Amino acid sequence: MMKTFTVAVVGATGAVGQTMLSILQERRFPVASLHVLASERSAGEQIEYDGRKITVQDLAGFDPTGVDFALFSAGGLISKEYAPKFVAAGAIVIDNSSAFRMDADVPLVVSEVNPKALDSIPRGIVANPNCSTMQMLVALAPIHRAVGISRINVATYQSVSGAGRSALEELGRQTANILSFKDPDPKRFPVQIAFNLIPHIDDFLDNGYTKEEMKLVWETRKILGDESIQVNPTAVRVPVFYGHSEAVHVETRKKITAAEARSLLEKSPGVTVVDDRTAGGYPTPVTHASGTDAVYVGRIREDISCENGLNMWVVSDNIRKGAALNAVQIAELLANKR
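None of the values given here were measured: they were computed from a predicted structure.

A. Region of the structure containing the overall build of the protein chain. A tally of helices and strands in the protein chain yields 8 helices and 14 strands. Against the 2.2 N^0.38 benchmark of 20 Å for 338 residues, the protein chain shows a C-alpha radius of gyration of 20 Å, consistent with a compact globule. Dimensions of the protein chain along its principal axes, counting C-alpha atoms only, are 60 × 55 × 40 Å. Within the protein chain, buried positions represent 54% of all 338 residues. Counting contacts in the protein chain only where the partners sit at least 6 residues apart, residues at least 24 apart contribute 66% of the total. Carbon and sulfur atoms make up 52% of the accessible area of the protein chain, which amounts to about 14,800 Å² in all. In the protein chain, 35 side chains carry a positive charge and 38 a negative one; their mean positions are 2 Å apart.

Here is the structure:
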């Protein structure tokens with residue numbers, strides 16, 4: 001008989017939380033009972049799961065006793081306050097915030113890249129990486145394993161859904177305003193996002209990079225277990241609703257041709273190669289990524305400016321693979337160990 005589990009989703013009314021619920025259902029995760037948790041203002045709302053209505057409970061008053069897996073997507077402050085309480089009650093917490101990612105005793109896991117990190121979970125917490133790191137490493141880990149990567153230059157083109165529901169609403173509202181010859185009136189972003197690009201995600205740090213950019217540096221090294229990899233990131237917010245894109249340029253330790261890289265990626269879990277040198281023969285956030293689970297890779301070519309250079313274009317749905325799907329995949333890996 002299949003073992004079943006008690007699951008809690010914290011932040012269940014947010015975009016990622018709702019997607020976690022739909023993916024748990026789609027992938028038939030063995031849920032015996034499900035608790036959907038959010039802030040007090042959302043408590044009492046009804047969420048549909050597997051053909052039945054479930055009432056949203058107030059996280060602050062919830063007793064976590066008996067929960068096996070708690071999937072958190074409610075922000076770092078909530079995770080820091082409540083994750084230890086769930087762990088103390090016997091749950092494993094899979095956390096989507098940045099609260100614990102760089103803690104040495106918390107595994108930072110991409111399910112296709114470093115599942116062995118789940119062999120040791122000393123604090124009962126597993127961290128989900130940042131969405132832009134996640135998709136990049138699904139594409140780059142096979143290449144790193146094959147020939148080694150010494151340097152990554154990456155420019156990200158990140159959709160507004162990565163900044164939450166208010167950002168989605170702002171892009172929609174500004175687009176309508178501009179097309180109606182009205183003031184775009186920026187509130188969520190420092191400048192207009194509709195029909196614009198903003199080279200600024202998260203806070204600026206003393207070295208001139210933003211925190212979002214440095215997450216790509218720190219998390220890449222931790223997940224791949226290689227502190228020597230040099231990463232040079234630029235993160236840009238773009239007027240796209242769902243799906244992050246990345247122009248990735250790597251320098252490998254040994255030469256790999258574009259054909260060899262393409263062949264390797266075609267066999268790699270979680271990757272779909274879309275790499276035809278024709279109009280439309282490449283992935284985009286709208287035509288491929290949005291609403292799907294894969295990390296799409298295209299524009300694979302050797303770098304004409306660098307002896308061991310390889311270029312590619314990487315696209316994925318930041319809410320699904322970049323957050324919710326990976327959390328569920330981690331829960332699946334852990335469930336299989338029990």
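Still more to cover.
B. Region of the structure containing the packing of aromatic side chains. Scanning the model with the defined rule gives 6 aromatic pairs in all. Plain terms: the ring middles of F5 and F29 are 6.2 Å apart, the flat faces sit at 40° to each other, and that makes the pair tilted. You can see F5 sitting in strand β1 (residues 5-10) and its partner F29 sitting in the loop between α1 (15-26) and β2 (31-38), a full 24 residues away along the chain. On the accessibility criterion, F5 (2% relative accessible area) is buried. Judged by its relative accessible area of 6%, F29 is buried. An angle of 85° between the planes, with centres 5.3 Å apart, marks the rings of F72 and F86 as edge-to-face. Here the residue F72 occupies a position in strand β6 (residues 69-72), and F86 occupies one in helix α2 (residues 76-88), the gap between them amounting to 14 residues. Note on accessibility: F72 and F86 belong to one class, buried. Between the NZ or CZ atom of R188 and the centre of the ring of F189, over which it lies, the distance is 5.6 Å.

C. Quick peek at the packing of helix α3 (residues 131-147) against helix α8 (residues 320-337). Their axes nearest at 8 Å, the elements α3 and α8 cross at an angle of 85°. Classified by the interaxial angle, the pair formed by α3 and α8 is roughly perpendicular. Along the contact surface, α3 presents C131, M134 and V138, while α8 presents K321, G322, A323 and N326.

D. Inspection of helix α5 (residues 211-224) at higher detail. In this model, α5 (14 residues) spans 20 Å end to end at C-alpha, consistent with the 20 Å of a helix rising 1.5 Å per residue. Most of α5 sits out of view: 11 of its 14 residues are buried. Listed in full, the buried residues belonging to α5 are E212, E213, M214, K215, L216, V217, E219, T220, R221, I223 and L224. Just past α5, the residue G225 takes up positive phi, approximately 65°.

E. Inspection of the pattern of salt bridges at higher detail. Per the counting criterion, the structure on display carries 19 salt bridges. With a shortest N-O distance of 3.8 Å, K53 and E48 are connected by a salt bridge. Given a relative accessible area of 56%, K53 falls into the exposed group. Using a relative accessible area of 54% as the deciding quantity, one classes E48 as exposed. Here D226 makes a salt bridge to R253, at a shortest N to O gap of 3.2 Å. Linking D226 in the loop between α5 and β10 (230-237) with R253 in the loop between β11 (244-252) and α6 (258-266), this pair joins segments that are 27 residues apart in sequence. R253 gets classed as partly exposed once you look at its relative accessible area, which sits at 41%.

Analysis parameters
- Residues numbered from 1 in each chain as written.
- Predicted model: local features only at pLDDT ≥ 70, side-chain atom pairs only at ≥ 80, totals over all residues.
- Heavy atoms only, no water.
- Helix = DSSP H or I, 4+ residues; strand = E, 2+ residues; numbered from the N terminus.
- Rg over C-alpha atoms; globule rule 2.2 N^0.38 Å.
- Buried < 20%, exposed > 50% of the residue type's maximum accessible area, 1.4 Å probe, protein only.
- Contact = heavy atoms within 4.5 Å.
- Areas by Shrake-Rupley, 256 points an atom, 1.4 Å probe, with all protein chains shown as cover.
- Lys, Arg positive; Asp, Glu negative; His and termini not counted.
- Charge placed at Lys NZ, Arg CZ, Asp CG, Glu CD.
- Phe/Tyr/Trp six-rings, centres within 6.5 Å; stacked < 30°, edge-to-face > 60°.
- Lys NZ or Arg CZ within 6 Å of the ring centre and 35° of its normal.
- Axes fitted to C-alpha atoms, helices over the stretch in contact; angles between N-to-C directions.
- Parallel < 35°, antiparallel > 145°, perpendicular 65-115°, else oblique.
- Expected span 1.5 Å × (residues − 1).
- Salt bridge = Lys/Arg side-chain N within 4 Å of Asp/Glu carboxyl O.

So far we have only geometry, and geometry alone does not tell us how the molecule works.
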